[in-house]
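One letter stands for each residue in the lines below.
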Amino acid sequence: MKTSYDLVVIGGGPGGYEAAIRGAQLGMSVACIEKRVHKGEPALGGTCLNVGCIPSKALLDSSHRFEATKHELAEHGISTGEVSIDVAKMLERKDAIVKGLTGGVAGLLKGNGVDWLQGTGTLLDGKGETKKVQFAPIDGSDSSEISAKSVILAAGSVPIEIPVAKTDGEYIVDSTGALEFSEVPKRLGVIGAGVIGLELGSVWRRLGSEVVIYEAMPEFLAVADKDIAKEAGKLLKKQGLDIRVNTKVTNAEVVNGEVVVTTDVNGETKTDTFDKLIVCVGRRAYSEKLLADDCGIELTERGLVAVDDQCKTNLDNVYAIGDLVRGPMLAHKAMEEGMMAVERLHGEKAQVNYDAIISVIYTHPEIAWVGLTEEQAIAKGHEVKTGSFSLAANGRALAQGEGMGLVKVVADAKTDRLLGMHMVGVGAGDIVHQGMIALEFVSSIEDLQLMTFAHPTVSEAVHEAALSADGRAIHAIQRKKRK
Ligand code: FAD
Ligand code: NAI
C-alpha cells in the first residue's frame, strides 16, 4: 500500500469524491478515505448518494407517479383499473439506482487514478509541512500512517438526535430509516417541518399515510421568502399534510407497538398515536474519529470545522468542505467547495459564490429559491421592489394540470439589480437556475424583461414576474404604477 500522497481526502461524499477527482485531474497523487458500508458493501457517494438526495428523490418519483396515476389520469380520459403499490419493488428500484450511482463513483475514482482507501481516516497532525493521517481499514486489519502534502476534510454530517424522541430504528427513525419502511404506515408522525420532513412526509402521504408534521417554530418554512412559504404551506396542507407549527414535542415513546407523541402547544398538552415517527430536526457536523486531539484543527462553537471563505482551515494546506463547515448543508455546495479547495491548493483563485447557492425542496410542486428573500433584502438596507406571477395564469402550467404556485423576483429599486428569485410551482428546481445565472451575471430586472422566453413554457412566468416588478405584466391585472 502506498503511504505518501500529494493529497488525502477524508470522506467520499459529493464534496470529497469531487475534490479527489479534481485533484487527480490537476496531476496530484490522491487517496480518498471513505469508511461507509451501505447494505453490506463499502460505498462511496456519502450521505447524498446512499441515504440522502438520490434515494429520497427515487421515492419521491415513485410516490408521485402512484398518486398521479391514481388521482389525475381520469380527467385525461385515461382509465387504469385499480392502482396499487408494491413497496418492496419500489425500494428495490431505489436501491438499484443508488447502487448504480455509487458504483459509478468508484469507477470514476479508479479511472482517474485515485486510490479509494476503505476505512476510517483520522488527521493525526496537520501542523507540519507534511501532514499525517491515520488509516484504519474497514476489514479490521492494522492501521497505518499516511503522509500527505495536503489534506481535505470532507466527513459530512449526521442527523441531530433529540432526547425527547430517541430513535430505535424501528418505530422512531431518522431520515435513513424513513427511506426503508417495508409497508406504508397508516399513521405517520414527523418532527420537523424542514426539508426532510416535507419531502419524506410527502412520499408516505402520497402512498396513503395520514401524516402529521410537528414544527417548533411559529412560522412555516421560515427560511423561505414569506410569500413563497405562505403559498407552499397552503398547497401542502391542501394535499393532506397536517403541518402543526408552534408545536413542541415533549415526549415520544413506543407503547404496545405504537408511538405515542406528547406535544405542548401554548401550554396545552396533547397526545397523538402513530405507527411510525420520523425525527428530522436538522443535521450536525460529523467529526468523530476525524480529528486527533492535538491535530491542530480549530472548531467553531457549534462543532463545525472553522474555515474562511475559501474553505481553508487554520492550518496551511488543510481545507474542510461540505456539511462539515458553515453554510447550507447541500450536496451542490459541498461539490463546489471541494473543487474550490483543490484549485486553491493548486495555486488558483477559485471562489464559490455563496450569494447564489440554490435551495430546492422537492415536494410537488417544488419550492426553490436563490439569492435574497424580500425580508433579507430589506434587512440588508435595500430599497426593494418585487414582482410576482401566478402559475394559475401560465398556459403551459395549466395545460399540464399544474396551474398552482408563483414566481417572485426581488430587486433593488434604485439600481434595478436582481437580488433573488423564488418559486413554488412545477419545475421550480430547474427554473430557478435562471435566477442563479442572472445573479451570477449581475443582471437587472430590465435584462429579464428584454429577453424572449419561449411560449408556451412555465419559464414565461419568470418573464412575467420581472415585468410585474414594474407594473408591466401582461397576463395579470397590475395595480402597480407602470414604468
Ligand atoms: P457526506 O455526503 O455526508 O459524505 C461524507 C462521507 O464521509 C460519509 O460517507 C462518511 O461515511 C465519510 N466519513 C466521515 N468521517 C470519516 C472518517 N473519519 N474517515 C472516513 N470516512 C469518513 N442535498 C441536496 O443538495 N439536495 C438534496 O436533494 C438533498 N437531499 C437530502 C435528503 C436526505 C434524506 C438527506 C439526509 C440529505 C439530503 N441532502 C440533499 C444533503 C446532502 O446529502 C449533503 O449536503 C451532502 O451529502 C454533503 O456532502 P459531504 O460530502 O459534505 O458529506
Ligand atoms: P432542516 O433544518 O431543514 O429542518 C428542521 C426543522 O425542524 C426546522 O424547521 C426546525 O425549526 C424544526 N425543529 C428543530 N427542532 C425541533 C423540535 N424539537 N421539534 C419540532 N421541530 C423542530 O433539517 P432537516 O429537514 O433535518 O434536513 C437536514 C439538512 O439536510 C437540511 O438542512 C438540508 O440542508 C439537507 N437536505 C436538503 C434537501 C434538499 O436540498 N432538497 C433534502 C433533505 C435534506
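Use the structure listed above.
Each value, and the rule that gives it
For every chain, the first residue of the written sequence is number 1, and numbering continues from 1 onward in sequence order. Following the order in which they are written, the chains are lettered starting with A and the ligands numbered starting with 1. Totals for whole chains, interfaces and linings use all residues, but because this is a predicted model, local features are given only for residues with pLDDT of at least 70 and pairs of side-chain atoms are given and counted only at 80 or more. As a rule here, side-chain values cover all heavy atoms of the structure and leave hydrogens and water aside. Two strands are counted as paired when DSSP detects at least two bridges linking them. Helix numbering and strand numbering both begin at the N terminus, where a helix is a DSSP run of H or I of at least 4 residues and a strand a DSSP run of E of at least 2. Only the contacting stretch of a helix is used when fitting its axis, a line to C-alpha atoms as for every element, and angles between N-to-C directions run 0 to 180 degrees. Here the word oblique covers every angle except those under 35 degrees (roughly parallel), over 145 (roughly antiparallel) and from 65 to 115 (roughly perpendicular). Crossing handedness: left-handed means the near helix sits turned counterclockwise from the far one by under a right angle, and right-handed means the same turn made clockwise. We call two residues in contact when some of their heavy atoms are within 4.5 Å. In the scheme used here, Gly and all other residues not listed as nonpolar or charged are polar, with Ala, Val, Leu, Ile, Met, Phe, Trp, Tyr, Cys and Pro taken as nonpolar and Asp, Glu, Lys and Arg as charged. Here, nonpolar core means buried Ala, Val, Leu, Ile, Met, Phe, Trp, Tyr and Cys residues that are tied together by side-chain atoms lying within 4.5 Å of each other. Exposure is judged per residue with a 1.4 Å probe applied to protein chains only, and the accessible area is read against the type maximum: over 50% gives exposed, under 20% gives buried, and values in between give partly exposed. We define proximity as follows: a residue is near a molecule or strand when any one of its heavy atoms falls within 4 Å of that partner. Nitrogen and oxygen atoms within 3.5 Å of one another constitute a polar contact, given that in protein one can donate a hydrogen and the other can accept it, and given that sequence-neighbouring residues count only through two side-chain atoms. Each accessible area is a Shrake-Rupley result for a 1.4 Å probe, and residues are judged covered by the shown protein chains and nothing else.

Engineer: Hey, could you go over the sheet that holds strand β14 (residues 258-265) for me, with residue numbers and the actual values?
Structural biologist: Read from one edge of the open sheet, three strands run β13-β14-β15, paired in antiparallel fashion. Lying at the two open borders of the sheet, with one neighbouring strand each, are β13 (248-255) and β15 (268-274). Adjacent strand axes in the sheet meet at a mean angle of 20 degrees when their direction is disregarded. Pairing between β13 and β14: seven bridges, direction antiparallel. Considered in β14, the bridge of N251 is made with T262.

Engineer: Explain the packing of helix α1 (residues 14-25) against helix α8 (residues 331-345) to me, and be specific about the residues and the numbers.
Structural biologist: Packing of α1 against α8 brings their axes to within 7 Å, and their N-to-C directions diverge by 30 degrees. Regarding the angle of α1 to α8, the classification is roughly parallel. Seen from above, α1 lies across α8 with right-handed handedness. Contacts between α1 and α8 involve P14, G15, Y17, E18, A19, R22 and G23 from the first element and A331, A334, M335, G338, M339, V342 and E343 from the second. Residue composition of the contact of α1 with α8, by class: eight nonpolar, three polar and three charged.

Engineer: Provide a residue-level description of the nonpolar core, including the pertinent values.
Structural biologist: Counting 39 residues, the largest nonpolar core has I278 and I367 as its most contacted members. With five residues, the single largest contributor to this core is helix α7 (residues 226-239). Here I278 is in contact with V173, D174, A178, F181, L188, G189, V190, I191 and L200, once residues within four sequence places are set aside. Ranked by size, the runner-up nonpolar core spans 30 residues in total, among them L44, L49, I152 and M340.

Engineer: So what's going on with the packing of helix α3 (residues 53-71) against helix α6 (residues 195-206)? Which residues, and what values?
Structural biologist: Closest axis-to-axis distance for the α3/α6 pair is 8 Å, and the angle between their directions is 35 degrees. Handedness of the α3/α6 crossing: left-handed. Residues S56, K57, L59, L60, S63, H64, F66 and E67 of α3 form the contact with α6, whose participating residues are E199, L200, S202, V203, R205 and R206. Classifying every residue of the contact of α3 with α6 by side-chain character gives five nonpolar, four polar and five charged.

Engineer: How would you explain the site of ligand 2 if you had to name every residue and give the values?
Structural biologist: Among the 19 residues in the neighbourhood of ligand 2, the closest are listed as E199, E215, G282, M329 and V360. I196 is positioned with one of its backbone polar atoms (N or O) 2.9 Å from an oxygen atom of ligand 2. Here ligand 2 loses 74% of its free accessible area of 830 Å² to cover by the protein chains. A total of three residues in the shell around ligand 2 trace back to one element, the largest contributor, which is α6.

Engineer: Give a description of the pairing of strand β16 (residues 276-279) that names residues and reports values.
Structural biologist: What you see with β16 is no split at all: K276 and I278 on one side and L277 and V279 on the other are buried throughout. When strand β9 (residues 172-173) meets β16, the two strands line up parallel, connected through two bridges. Bridge assignment links I172 to a residue of β16, and that residue is L277. The pairing of strand β10 (residues 187-191) with β16 spans four bridges and is parallel. By the bridge assignment, G189 is partnered in β16 with L277.

Engineer: A description of the site of ligand 1 should follow, citing residues and the corresponding values.
Structural biologist: With respect to spatial proximity, 40 residues lie near ligand 1, and among them E34, T47, K57, D323 and A331 are the closest. R36 is positioned with one of its side-chain polar atoms (N or O) 3.0 Å from an oxygen atom of ligand 1. With respect to ligand 1, the backbone of L330 contributes an N or O atom lying 3.2 Å from an oxygen atom. Looking at the shell around ligand 1, the elements that each hand over two or more residues are α1, β2 (30-34), α2 (46-51), α3, β5 (115-125) and α8.

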